[in-house]
Structure formats: C-alpha cells, structure tokens
Amino acid sequence: MRTPILAGNWKLNKTIAQSREFVASFTPLVQGASGVDIVLCPVFTALDATREAIGTAPIALGAQDMYWKDAGAYTGEVSAPLLQDAGASYVVLGHSERRGRFGVPEPDLEGQAGAVFGDSDQSVNKKLEAALAHGLTPIVCVGETLAERQNGHTDAVVENQTVMALNGIEANQISKLVFAYEPVWAIGTGETCEADEANRVCGVIRATIATGFGAEAGDAVRIQYGGSVKPENAAQLLSLPHIDGALVGGASLKADSFAAIVKAALA
Ligand code: 13P
C-alpha cells in the first residue's frame, strides 16, 4: 500500500557531465519499472543539468539540504523555491553528515560520517516546515551513533529526533514526507544494520509518528533504510514490512548497482 521509494544520495560526488552520464546509463536500466518512486539527489550545481538529462523519464530530482528562508542575506545557502526552480521535488534534511550534535562543527570528525555541518533538531524542524510549505517532499534522516547504540539509546535517540523534526506539523501533512532511518555507524562503512533490526527501528519511527499524529499517519508515512545498502542486501531489507525503500549513498553512484537496488524493490 506504500509505494517503495529508492533515493540515491550522491553526496559530494559527480560533476555536471558525470551526472548526465549517470542518467544516460541509468534510465534504460529502469525503463518500465512501475510502482516504485526513484529519486536522484545530485550536488546543487548539477541539479538543473540532471533534470534536463532526466527529461520525461519517471525519475524525480532531490536536493541534499536547504535553508528554511526563501531569500535574503544568507550567503552560501539555497532555499526551497530555488530548489524547485532547478527541478527538485524532494530534499534530504537532517542527514547525519549535516547534523552537529554539539552545535558546532567538529574538526576531528571531518571525513567520518556524521556531525560536521552543525544542523540541529531545531534547524531540521524549520527546514522541514519550509520544505512542506513549498510543496517539496522532505526525506528526513534520523539515526543513532555507534556509542548511542552501544549504550542502549537507539530507540530514545530515534524517537527524539522524530518528535523534534515534526514539531508543529499537522497530522494531514505526515503522508507528504518520507523518513530515512540511517544508523550513523552503518553509513559508508560497509557495515549494514541487520535487516530485522533495521525493520524494528523503522517500526519504532512509525510507532512514534502514530502516537503523535494517529494510526493513519503512522500507516501512511514512508520510511526508508539507509546505510551500506547494496544490490546484495537490498532485497532482504526491502522485503520487511516497516522498510518502504532505501536511501543509498555509495551504491547509487554507479548506474548498474543503483538499478539493481531499484529492481530489488520490485521483486
Ligand atoms: P552509504 O550507502 O554509502 O552507506 O550511505 C548511506 C547514506 O548516508 C545515504 O544518505
């Protein structure tokens, strides 16, 4: 009943030419793939060219972040209206590589997943409100660090991030957003969260939303898993009831591996 959604987060990779090349190779591989939403999230500078390359193919465009103000004296930022102008209909918000758990960039974390760019639960909430107000679909990332998991805080961290992200949101808006459970320790490490555990935590997110916004909202919201998703593990993850798709980093950089993940959702 929930349409699977496979999103490729290219992070800080691919030039304009490489983004176009990807689309040219990828589009024929997913031709005829129906009943699934496919999203590509290139760097800001390649959004417009990627949109052009996609043309009329059933592939949506997403951005990797945005600021909550529409325009003004905010050097270096982009906004929801500008992302729409470039053709985006989705935006990733609160990725662990953008969150800063201490409110400031942590130089010693540079190069590792997580806590680099100072996003907070409050800023993620403001971005989410702005994205929805402009009709962009947010993909809201939540997930625990290794230390939080080892200390038994996984569920509390994920519940708290979910509640904070949704502060002030109306129940009827919940179906317009996507969550992504991305355990920080599984991102870019090759280490995948065990499928049953990923499904369990996605269920915790769903239950948190159902508690706050009603059972219907909990049933409607789509929840992706992200963290070292590859063609080899996608089918198992995507077969589980609370996992409605994948947010894919490394394996989305190659057309054949991302197409294989899309096909795993159709199986
Ligand atoms: P990897 O698939 O490279 O682990 O990255 C996951 C991710 O962070 C997607 O947003």
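Below is a short write-up of the structure. (Residues numbered from 1 in each chain as written. Predicted model: local features only at pLDDT ≥ 70, side-chain atom pairs only at ≥ 80, totals over all residues. Heavy atoms only, no water.)

Let's talk about helix H2 (residues 47-54)
- Within the sequence span of H2, burial applies to Leu47, Ala49, Thr50 and Ile54. Buried residues along H2 cover an arc of 165° about the axis, so they all sit on one side.
- In this structure, the buried side of H2 is in contact with helix H1 (16-29), strand S2 (37-41), strand S3 (60-63) and helix H3 (80-85).
- With its phi angle positive at about 55°, Gly55 sits one or two positions after the end of H2. (Buried < 20%, exposed > 50% of the residue type's maximum accessible area, 1.4 Å probe, protein only. Helix = DSSP H or I, 4+ residues; strand = E, 2+ residues; numbered from the N terminus. Arc of directions from axis to C-beta. Contact = heavy atoms within 4.5 Å.)

Here we look at helix H4 (residues 121-133)
- With 13 residues, H4 should reach 18 Å at 1.5 Å per residue; the first-to-last C-alpha distance of 18 Å fits that figure.
- Listed in full, the buried residues belonging to H4 are Asp121, Ser123, Val124, Asn125, Lys127, Leu128, Ala130, Ala131 and Leu132.
- Positioned one or two residues after H4, Gly135 has a phi angle of 80°, which is positive. (Expected span 1.5 Å × (residues − 1).)

Focus on the side chain of Arg222
- Mapped onto the elements, Arg222 comes out in strand S7 (residues 222-226).
- Polar contacts involving the side chain of Arg222 include one to the main-chain carbonyl oxygen of Thr3, which spans 2.7 Å. (Polar contact = N/O pair within 3.5 Å; in protein donor to acceptor, adjacent residues only side chain to side chain.)

Concerning the pairing of strand S6 (residues 178-181)
- Side-chain alternation along S6 places Val178 and Ala180 on one buried face and Phe179 and Tyr181 on a second face that is also buried.
- Alignment of strand S5 (residues 137-142) against S6, held across 4 bridges, turns out to be parallel. Note on S6: the bridge partner recorded for Val142 is Tyr181.
- As judged from the 4 bridges shared by S6 and S7, these two strands associate in the parallel manner. Pairing of Val178 across the sheet is with Arg222, part of S7. (Pairing = 2+ DSSP bridges.)

With respect to the nonpolar core
- One finds Leu6, Phe26, Leu40, Met66, Leu128, Phe179 and Tyr225 to be the most contacted residues of the largest nonpolar core, which totals 68 residues.
- Top contributing element to this core by residue count: helix H10 (residues 255-266), with 7 residues.
- Once residues lying within four places of it in the same chain are set aside, the contact partners of Tyr225 are Tyr181, Pro183, Ala186, Thr192, Cys193, Ala198, Leu237, Ile243, Gly245, Ala246 and Leu247.
- If you look at the next biggest cluster of nonpolar residues, it comprises 11 residues, including Cys41, Val92, Val178 and Leu247. (Core = buried A, V, L, I, M, F, W, Y, C linked by side-chain atoms within 4.5 Å.)

Description of the site of the ligand
- Surveying the vicinity of the ligand reveals the residues Asn9, Lys11, His95, Glu182, Ala186, Ile187, Gly188, Gly227, Ser228, Leu247, Gly249 and Gly250.
- Between an oxygen atom of the ligand and a main-chain N or O atom of Ser228, the distance comes to 2.7 Å.
- For the ligand, whose accessible area on its own is 310 Å², the fraction buried by protein is 95%.
- A breakdown of the residues in the shell around the ligand according to their chemical character gives 3 nonpolar, 7 polar and 2 charged. (Near = heavy atom within 4 Å. Areas by Shrake-Rupley, 256 points an atom, 1.4 Å probe, with all protein chains shown as cover. Nonpolar A, V, L, I, M, F, W, Y, C, P; charged D, E, K, R; others polar.)

Looking at the pattern of salt bridges
- Going through the model one piece at a time under the given rule, you end up with 13 salt bridges.
- For Arg51, the salt bridge goes to Asp48, with nearest N and O atoms at 3.0 Å. Of the two residues, Arg51 and Asp48 are both situated in helix H2; the distance of 3 residues between them amounts to about one turn of the helix.
- On the accessibility criterion, Asp48 (40% relative accessible area) is partly exposed.
- A salt bridge links Glu197 to Arg149, with the shortest nitrogen-to-oxygen separation between them at 2.9 Å. Highlighted residues: Glu197 in helix H7 (residues 195-213) and Arg149 in helix H5 (residues 146-150), separated in sequence by 48 residues.
- On the accessibility criterion, Glu197 (18% relative accessible area) is buried.
- Relative accessible area serves as the criterion here: at 23%, Arg149 is assigned to the partly exposed category. (Salt bridge = Lys/Arg side-chain N within 4 Å of Asp/Glu carboxyl O.)

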